[in-house]
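Residue-level structural notes
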Amino acid sequence: MNLPPLLRSLSTRPRPRRRATVRLAAAAFLAAAVAVLPAPAAHAAGSVVEVTGSQGNWQLTVDGAALHHEVRGEGPLLVMMPGGSADAGIYDAIAAALADRWTVATFDPRGYSRSPLDGPVTEQLPATHADDIVRLIELLSPDGAPAALFGSSSSAVVALDVLARHPGRVSRVVAHEPPVVELLPDPAAGRALFAAVRESFRRDGVAAAMTTMAEGLTPAWGEDRAAPEPAAVEAGSAARDPESISPEPEREAPEPAAPASSPQETPPKVPPAQAEVFRRMHANLPVFLEYVLCSFSGYAPDLAALRASAARLVVGVGRDSRALLPAVAAEALARRVDARVAEFPGGHIGLTGDPRAFAARLRDVLVAP
């Protein structure tokens, strides 16, 4: 594997007890795990949208694309944005758990699954996706009431851009492990990693990209990081002083399901509805690797704008992934803009490992003062 020297040195250090956690983080970028898929609820009455299928599934025309979105529940609007190659299906279990208090909107990002582009796919930009979110909020909250946003991984980058450029449209933004490499101690190494992943995909396909990612997302990113000085770090429902945080005990993470070798294949022993979601998400991988990965991870946040809206921002980190690149970058962001940090169950894809626990933690974060 032809990696830059720094990344090669990080990837070759022996870390057997962390290996499964690293693979989980890589899988989060490259293959969306499949959550439980309850039936969608009805769309709010009176909204001007075009019905495209079963009750609760809708299509919104935006600049250059049509966004498939699903709405369930009642109450203030909560928009949940899928990251990596995922689509709306990744959040079905969590959305169902939160629909008792919020009107929960999920969607397929432009160019993914059921959200076709008007023309050929080109390099995707966080600002374009952020504009899509604002358009969706305007549709689902026509009285101008602000919405809560949750984004994970690459979609957390989009959430940051929405907050920076449209602070009046959001009441709270929970950005779970945005991989903003520009805030790493060595941004060039982070950029080189994701460029190497894309190059592996171009040369040898998805499996090679997965290997390159796993080699680069190592705990070494967090070995020399400073304690999160200005950020109030929460664990459970109570805040803790950052100086009092001790490292999480070592634990073995479960092995993620390997991505299928082609979009037509599915993991074994998966119910038909979940298999269809897996196929959709896996088919999104070429778009993600070629047109999303580098531009989103290379996003430079508007720190001044985020600092001005820090009271509305919560930066999420996984309990089991705090030494990996996305969480290290996320905590660096929190320090730079004086935002709170909330610890969530699991690692970078904790939302699929235990959706109920993740939903409960997200509920606490959303309702906290």
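Here's a quick rundown of the structure. (Residues numbered from 1 in each chain as written. Predicted model: local features only at pLDDT ≥ 70, side-chain atom pairs only at ≥ 80, totals over all residues. Heavy atoms only, no water.)

Time to look at the packing of helix 6 (residues 187-204) against helix 9 (residues 285-297). Packing of helix 6 against helix 9 brings their axes to within 9 Å, and their N-to-C directions diverge by 165°. Judged by the angle between their axes, helix 6 and helix 9 are roughly antiparallel. Every pair of crossing elements has a handedness; the one defined by helix 6 and helix 9 is left-handed. In contact with Phe194, Ala195, Val197, Arg198, Phe201 and Arg202 of helix 6, helix 9 contributes Pro286, Leu289, Glu290, Leu293, Cys294 and Ser297. In terms of residue class, the contact of helix 6 with helix 9 is made up of eight nonpolar, one polar and three charged. (Axes fitted to C-alpha atoms, helices over the stretch in contact; angles between N-to-C directions. Helix = DSSP H or I, 4+ residues; strand = E, 2+ residues; numbered from the N terminus. Parallel < 35°, antiparallel > 145°, perpendicular 65-115°, else oblique. Left-handed = near helix turned anticlockwise from the far one by under 90°. Contact = heavy atoms within 4.5 Å. Nonpolar A, V, L, I, M, F, W, Y, C, P; charged D, E, K, R; others polar.)

Turning next to the environment of alanine 148. Counting through the fold element by element, alanine 148 comes out in strand 6 (residues 147-152). When its relative accessible area of 5% is taken as the criterion, alanine 148 is described as buried. Separated by 218 residues in sequence, alanine 148 and leucine 366 have C-alpha atoms that sit 7.7 Å apart. Each residue touching alanine 148, except ones within four places of it in the same chain, is listed here: Leu77, Leu78, Val79, Ser171, Arg172 and Leu366. (Buried < 20%, exposed > 50% of the residue type's maximum accessible area, 1.4 Å probe, protein only.)

Here alanine 156 is to be found in helix 5 (residues 154-165). As a C-alpha pair, alanine 156 and proline 179 span 23 residues in sequence and 8.3 Å in three-dimensional space. In this structure, alanine 156 is in contact with Gly151, Ala175, His176 and Pro178, ignoring residues within four places of it in sequence.

What follows concerns the pairing of strand 5 (residues 103-107). Within strand 5, five of the five residues are buried, which leaves the element mostly enclosed by the surrounding structure. A two-sided burial pattern is seen for strand 5, the buried positions comprising Thr103, Ala105 and Phe107 on one face and Val104 and Thr106 on the other. Both strand 3 (residues 65-72) and strand 5 contribute to a ladder of four bridges, which runs antiparallel. By the bridge assignment for strand 5, histidine 69 is matched with phenylalanine 107. The pairing of strand 4 (residues 77-81) with strand 5 spans four bridges and is parallel. What sits directly across from methionine 80, in strand 5, is threonine 106. (Pairing = 2+ DSSP bridges.)

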